[in-house]
Amino acid sequence: MTTTTGMNRRDFLRVTTIAGGGILFGLKAAPALQGGVEWTPNAFIKIMPDGIVTIIAKNPEIGQGVKTMLPMLIADELDVDWKDVRIEQAPLDSTKFQNQSAGGSTATPNNWMPMRQVGAAARAMLVTAAAETWGVRGSECETASGVVHHRGSGRSLKYGELLAKAATVMAPALDRVPLKEPKDFRIIAKPTKGVDTHAIVTGTPLYGIDVVVPGMLYAVFEKCPVFAGTVTSANLEVVKAQPGVKQAFVVEGGSVLNGLLGGVAILADSWWAAKKAREKLVVTWNEGATAAQSSAGFAAVAAELSKQPPQRSLKKDGDPDAGLRSAAKVVKAEYFYPFLAHASLEPQNCTAHFKAGKMTIWAPSQAPQGGRGL
């Protein structure tokens, strides 16, 4: 992959040295601090002297494979071997990382260009560092497997040997950095084992429910079998008298259906104690207006709406109505799906630690950034 140095360099991507002699690449401008030390608010790549590359996967991994896919985009444009890549899951940080959510299979289209640009910009900086080291033009250099080669002289330098020099190179503008042609992809679109596959099949602690905080209590939560129902009464005193139970109380539901739902919380010194106490719980529910909803009702409304003119069009090419009228054969079909719970395969859970006025939460969430705002 050939990379030239004749690019408009902007203070859009910056580079800084880190402990251990590696370099860290990130998106957006990185203002200099006192003493000339720089920092990078959006860090995705760390290259160490031994050639090992650590790539940050920014989106929540909920089984759709983004923890593998997003780093693949960066690694291919960076032009390193996948065997030399190590992957870390990014924590929630709305300053360093944007759009940290999972839903609607949007991770690939939304990050296809940005992640590739991050890798390509880092590669361009390494090429510039090598070209300046040799006193040649960047257009005479190319990269492969974490090495910069000079075609004319046959010289080469590994990425790990260029870190100090690369740390002095200004970054190219992400929207102008050259990207690979699809025919040159070596990682993208290739069958790749999930980075967590071995951990998953061997039961290695990996999930939200694996978090343990010293001295923590365990809680279970009983919700109404009808969505958004509220508690009318509950035998809290009976539950509190059960072995290991520390507290039991009613949680009042919020006024909106996508907020806090009503129910009964039970806290105990072990999960088993909380579970057994829940078996003694008796609740009288006010099921509310949603008790009138049903799959049959939704299907009837959908059928009625299907007879009305479309409310909006996402895309229209030509005259489909005329085409249907003149078609030799028209096939019609109707599809509907039942009212389903958005239930995850992993047990729904959350670990919360309140200390010094700050609440830290570990939860397997598709939208952690949205949760922070509740």
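Residues numbered from 1 in each chain as written. Predicted model: local features only at pLDDT ≥ 70, side-chain atom pairs only at ≥ 80, totals over all residues. Heavy atoms only, no water.

Q: Hey, could you run me through the pattern of salt bridges in this one?
A: Once their charged atoms are close, side chains differing in charge can pair, the charge on each being opposite to the other. On inspection of all chains with the given rule, the structure shows 16 salt bridges. One salt bridge in this structure joins Arg151 and Glu142, with 3.5 Å as the shortest N-O distance. Across the pair Lys315 and Asp317 runs a salt bridge whose closest N-O atoms are separated by 3.7 Å. Note on accessibility: Lys315 and Asp317 belong to one class, exposed. One network of salt bridges, with partners in common, ties together Asp76, Asp79, Asp81, Lys180 and Arg186. (Salt bridge = Lys/Arg side-chain N within 4 Å of Asp/Glu carboxyl O. Buried < 20%, exposed > 50% of the residue type's maximum accessible area, 1.4 Å probe, protein only.)

Q: Which parts of the structure should I look at to understand unusual backbone geometry?
A: Leaving glycine out, the prevailing phi sign among residues is negative, and the prevailing peptide bond configuration is trans. At Asp79, a position not held by glycine, the phi torsion is positive, near 70°. Structurally, Asp79 is set in the loop between helix H1 (66–78) and strand E5 (85–89). Non-glycine residue Ala356 carries a positive phi angle of around 50°. Looking at the element boundaries, Ala356 is found in the loop between strand E14 (351–355) and strand E15 (358–362). For Ala356, a relative accessible area of 81% corresponds to the exposed category. (Helix = DSSP H or I, 4+ residues; strand = E, 2+ residues; numbered from the N terminus.)

Q: Looking at this model, I keep getting lost on the packing of H1 against helix H2 (residues 107–134). Mind explaining?
A: In helix packing, the relevant descriptors are the interaxial angle and the interaxial distance, both defined with respect to the helix axes. Between H1 and H2, the least distance of the axes is 6 Å, while the angle of their chain directions is 35°. When the axes of H1 and H2 are compared, the crossing they make is right-handed. Across the interface between the two elements, Val66, Met69, Leu70, Leu73, Ile74, Glu77 and Leu78 from H1 touch Ala107, Thr108, Asn111, Trp112, Met115, Arg116, Gly119, Ala120, Ala122, Arg123 and Leu126 from H2. Looking at the contact of H1 with H2 residue by residue, the class counts come to 12 nonpolar, 3 polar and 3 charged. (Axes fitted to C-alpha atoms, helices over the stretch in contact; angles between N-to-C directions. Left-handed = near helix turned anticlockwise from the far one by under 90°. Contact = heavy atoms within 4.5 Å. Nonpolar A, V, L, I, M, F, W, Y, C, P; charged D, E, K, R; others polar.)

Q: What exactly am I supposed to notice about a nonpolar patch on the surface here?
A: Taken together, the side chains of Ile200, Val201, Leu206, Tyr207 and Ile209 make up a nonpolar region of the molecular surface, amounting to roughly 450 Å² of accessible area. Tracing the chain through its elements places Tyr207 in the loop between helix H4 (197–201) and strand E9 (218–223). Judged by its relative accessible area of 39%, Tyr207 is partly exposed. (Patch = residues over 30% accessible without salt bridge, like charges linked within 9 Å, V, L, I, M, F, W, Y side chains within 5 Å. Areas by Shrake-Rupley, 256 points an atom, 1.4 Å probe, with all protein chains shown as cover.)

Q: Explain the sheet that holds strand E6 (residues 141–144) to me, please; I cannot follow it from the model alone.
A: Sheet strands associate in pairs through backbone hydrogen bonding, adopting either a parallel or an antiparallel arrangement. Strands sit in the order E6-E7-E8 across an open sheet of 3 strands; the sheet is antiparallel. Where the open sheet ends on each side, the last strands, each with one partner, are E6 and strand E8 (156–158). Across the sheet, the axes of successive neighbouring strands diverge by a mean angle of 20°, strand direction being ignored. Pairing analysis gives 3 bridges linking strand E7 (residues 147–150) to E8, with the strands arranged antiparallel. For Val148, the partnering residue across the bridge sits in E8 and is Leu157. Running at roughly 45° to E7, H2 makes contact with E6, E7 and E8 of the sheet. (Pairing = 2+ DSSP bridges.)

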